[in-house]
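Each chain, letter by letter, is given below.
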Amino acid sequence: DWVAPDADDVAISETVGPVFLVKAPDTERELRKIAKLIKHHVLVEGVSADSIAVVVREKSSYAAEIRRIFGEEGIAFSLDERMPISDIPAVRAVRK
């Protein structure tokens, strides 16, 4: 069952166990809602961040937005991909 969309027009469905489906009119709102859910579960409910996974249909269409939005929200993530060390924000900060 889907919960009525919120002010951002994002709907959430809790399916079997602690699995949530999120649908939104666009990727930005979808990922912002997911970021809020992650923060709530980690900070309020005490869920270990290591036990949380975000699954998308096509990683290539979400990767840039996940990097940007989760980065802005301070959520650690891994897309299981390689990138040049110079592209890692922490490395760039140390090199300054």
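Keep in mind the model is a prediction, meaning the values are calculated, not measured.

Colleague: What exactly am I supposed to notice about the pattern of salt bridges here?
Modeller: Between side chains of opposite charge, a pair can form as their charged atoms come close. Under the counting rule described, the total for this entry stands at 8 salt bridges. Linking Glu 73 and Lys 39 is a salt bridge whose minimum nitrogen-to-oxygen distance equals 2.8 Å. Taken as a pair, Glu 73 in helix α2 (residues 59-73) and Lys 39 in helix α1 (residues 27-44) lie far apart in primary sequence, 34 residues in all. By relative accessible area, Glu 73 is classed as partly exposed at 25%.

Colleague: Explanation requested: the layout of surface pockets in the structure shown.
Modeller: A probe as big as a water molecule, rolled over the atoms, marks out the empty space that is left. Taken as a whole, the largest pocket encloses approximately 700 Å³ of empty space. Where the lining of the largest pocket is concerned, the elements lending two or more residues are β2 (20-23) and α1. Take the lining of the largest pocket: its biggest share by element is 5 residues, from α1. For the lining of the largest pocket, the residue count by class is 16 nonpolar, 2 polar and 2 charged. Around the second largest pocket, the lining comprises 20 residues; the ones closest to its centre are Ile 52, Phe 70, Ala 76, Phe 77 and Ser 78.

Thresholds applied
- Residues numbered from 1 in each chain as written.
- Predicted model: local features only at pLDDT ≥ 70, side-chain atom pairs only at ≥ 80, totals over all residues.
- Heavy atoms only, no water.
- Salt bridge = Lys/Arg side-chain N within 4 Å of Asp/Glu carboxyl O.
- Helix = DSSP H or I, 4+ residues; strand = E, 2+ residues; numbered from the N terminus.
- Buried < 20%, exposed > 50% of the residue type's maximum accessible area, 1.4 Å probe, protein only.
- 1 Å grid on protein atoms, 1.4 Å probe; cavity = no way out; pocket = protein on both sides within 12 Å on 5 of 7 lines; lining within 4 Å.
- Points joined across faces, edges and corners; volume = space filled by probe spheres on them.
- Nonpolar A, V, L, I, M, F, W, Y, C, P; charged D, E, K, R; others polar.

Note that all results are geometric; they support no functional claim without further evidence.
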